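The primary structure of each chain is shown beneath.
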Number of protein chains: 2
Amino acid sequence: MDLVLGIDGGGTSCRAAVATSRGEILGRARSGAANIRTDLTGARASIVEAARLAFIDAGLDPERIAETPAVLGLAGSNVGTYRQQLEAILPFPRCAVESDGLIALEGALGGSNGAIAILGTGSVYMMRRGDMVRSVGGWGFLVGDQASGGRIGRDLLEETLLAYDGIRPASPLTDALLAVFRGNPRDVVEFTTTAKPGDFGGFAPMVFDHATKGDAVAEFIVARGVAAIEASLVVLGLGDDEPISLLGGLAALYAPRLSPNYRERLRQPRQDALGGAVSMAARRFGAGRPAHG
Amino acid sequence: MDLVLGIDGGGTSCRAAVATSRGEILGRARSGAANIRTDLTGARASIVEAARLAFIDAGLDPERIAETPAVLGLAGSNVGTYRQQLEAILPFPRCAVESDGLIALEGALGGSNGAIAILGTGSVYMMRRGDMVRSVGGWGFLVGDQASGGRIGRDLLEETLLAYDGIRPASPLTDALLAVFRGNPRDVVEFTTTAKPGDFGGFAPMVFDHATKGDAVAEFIVARGVAAIEASLVVLGLGDDEPISLLGGLAALYAPRLSPNYRERLRQPRQDALGGAVSMAARRFGAGRPAHG
């Protein structure tokens, strides 16, 4: 039996699925972080571990990963030469390292035209029309990802310190955030010394929660995120009838806040990004599109 | 002869001056970074080295640092317990670790009332009226320091990527920045992976330069910095007749851009921050104010 592997890896964890050459998933597994920009060797180890565990989950010999082609969607693979470096050290006979966005697009849309907005710790937008794929955003926490959880959380910390200094108005939200840090702005700064984007993003649900209650600071921060999403969809040049899927941990929080024009075109994604990686692997290395694709 | 030491330490270098107990400086020296938040032991080593070299510069036995009291102004000393940790391991018989802002305030104002704005890699504002000292800002690159070189540079990178994506207008400045990175936005992102605030700040002069030529993006970024400075001076509650000194690498670039109300109250600082540390050491541990104070 010919098999294919789909891999979805990022800064938090790495998931793998082994499937038939037609894309029917036989086993799945998860391992640790696969951050190819900060730890290439560790990323390789997580990828191999998740792949082996997926074979075991399917009741198959994990040594067979050495004869199984794979499509990997990995955060950070569109920057530098990490992608080429990783492809050189992976144990699969053939493999394709793609961006995490591309496998998410494939999973969400299947064969259709349309767009996705990935709204998680980061934020990135992609659209497909026929063979054309375009993306905007996804430049990371420091200088991009304006609608991401990382930025929402960072904005909250900044607004809280500005409120502490009396430069901008305080609100129940900024009071609540400062209370998390025992009322001490120096503890807020101390947190930022080591916090990763995901740590900042941990405060994003609190911001949306307060926005729902009408908190002025929360509404200001969330409105900026909504504006960033809509500006990105505009530049993607989406047609009026093309569907949009929101993905990522903030998808459900942002969805009701979009303009009606976009809200009425929202579609649930068909599959997740891992399913997208499997579909791509079946199409590229196997016998074609999955049965449910 | 009784001596005192003044130390001015930060993330780039550490300077020391040995002075008489009246504050007359006898020798000066400089050593490497003294970043107590990221490398406490290394900071101690830089401080001791600068102090010993200052004694040598004065023609004095460097072993005498063990009997010389010191005032140290150190970036980061107002956060966490770094200050207490450092005081516990320094070789001076008595010492006081203060914020870098406080020694700069002392140096700039001498005994007078007034305010300072430190506009370098970071940005922080302090005012003194009699015994009262207030400060705002200085919360760091990630969630504060809105007028700093680090933020100006970071803003430029963000605007450049937004222009690349077609979300905001490009300008000669964003074109020039992108050219630095060989026209490749991924190289911009790659830079941000390891860049420190000072690395972002390296682009600040380029922003001011283009603002002078009327570049729209540059003017937008610089205007935001000017607004941050003036908002901070407002909350310090400065009286109409109290002087303001701008310090730091961006001081001369910002000065002509302030509102007339602030511009006409600008004063050259009397001494630098190291001089301020020496004055404080003479007052606290020595025979009083320096002859020129």
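In this text the structure is predicted, and so the values were computed from the model without any measurement.

A. The pairing of strand β9 (residues 244-247) of chain B, seen in detail. Residue and element names in this part refer to chain B. Of the two faces of β9, the one lined by Ile244 and Leu246 and the one lined by Ser245 and Leu247 are each fully buried. The pairing of strand β6 (residues 114-119) with β9 spans four bridges and is parallel. Looking at β9, one finds that Ile116 is bridged to Ser245.

B. The arrangement of the packing of aromatic side chains in detail. Residues and elements named next belong to chain A. Using the criterion set out here, one finds 14 aromatic pairs over all chains in the structure. Arranged with centres 6.1 Å apart and planes meeting at 50°, the rings of Phe181 and Phe203 form a pair that is tilted. One end of the pair, Phe181, is in the loop between α5 (172-180) and α6 (185-194); the other, Phe203, is in the loop between α7 (197-201) and α8 (204-212), and 22 residues separate them in sequence. Note on accessibility: Phe181 and Phe203 belong to one class, buried. Geometrically, the ring pair formed by Phe208 and Tyr254 is edge-to-face, given 4.9 Å between the ring centres and 85° between the ring planes. A residue pair is termed long-range when its members are at least 10 positions apart, and Phe208 in helix α8 and Tyr254 in helix α10 (residues 251-254) qualify at 46 residues. For Phe208, a relative accessible area of 3% corresponds to the buried category. Taking relative accessible area as the criterion, Tyr254 reaches 0% and is therefore assigned buried. Cluster of aromatic residues (ring-pair linked, three or more members): Phe141, Phe181, Phe191, Phe200 and Phe203.

C. Examining the sheet that holds strand β2 (residues 14-20) of chain B more closely. Residues and elements named next belong to chain B. Strand order in the open sheet formed by five strands is β3-β2-β1-β4-β5, with mixed pairing between adjacent strands. Across the chains shown, the open sheet's two edge strands, defined by having one partner strand only, are β3 (25-31) and β5 (95-99). Averaged over all pairs of adjacent strands, the angle between their axes in this sheet comes to 15°, without regard to strand direction. Two elements, β2 and β3, share six bridges in a ladder whose sense is antiparallel. Paired with Val18 across the two strands is Gly27, which belongs to β3. Packed onto the sheet, helix α2 (residues 82-89) meets β4 (70-74) and β5 and runs at close to 155° relative to β5. In this fold helix α3 (residues 100-109) packs onto β1 (3-9), β4 and β5, with an angle of close to 90° to the strand it touches most, β5.

Basis of the calculations
- Residues numbered from 1 in each chain as written.
- Chains lettered and ligands numbered in written order.
- Predicted model: local features only at pLDDT ≥ 70, side-chain atom pairs only at ≥ 80, totals over all residues.
- Heavy atoms only, no water.
- Buried < 20%, exposed > 50% of the residue type's maximum accessible area, 1.4 Å probe, protein only.
- Helix = DSSP H or I, 4+ residues; strand = E, 2+ residues; numbered from the N terminus.
- Pairing = 2+ DSSP bridges.
- Phe/Tyr/Trp six-rings, centres within 6.5 Å; stacked < 30°, edge-to-face > 60°.
- Axes fitted to C-alpha atoms, helices over the stretch in contact; angles between N-to-C directions.
- Contact = heavy atoms within 4.5 Å.

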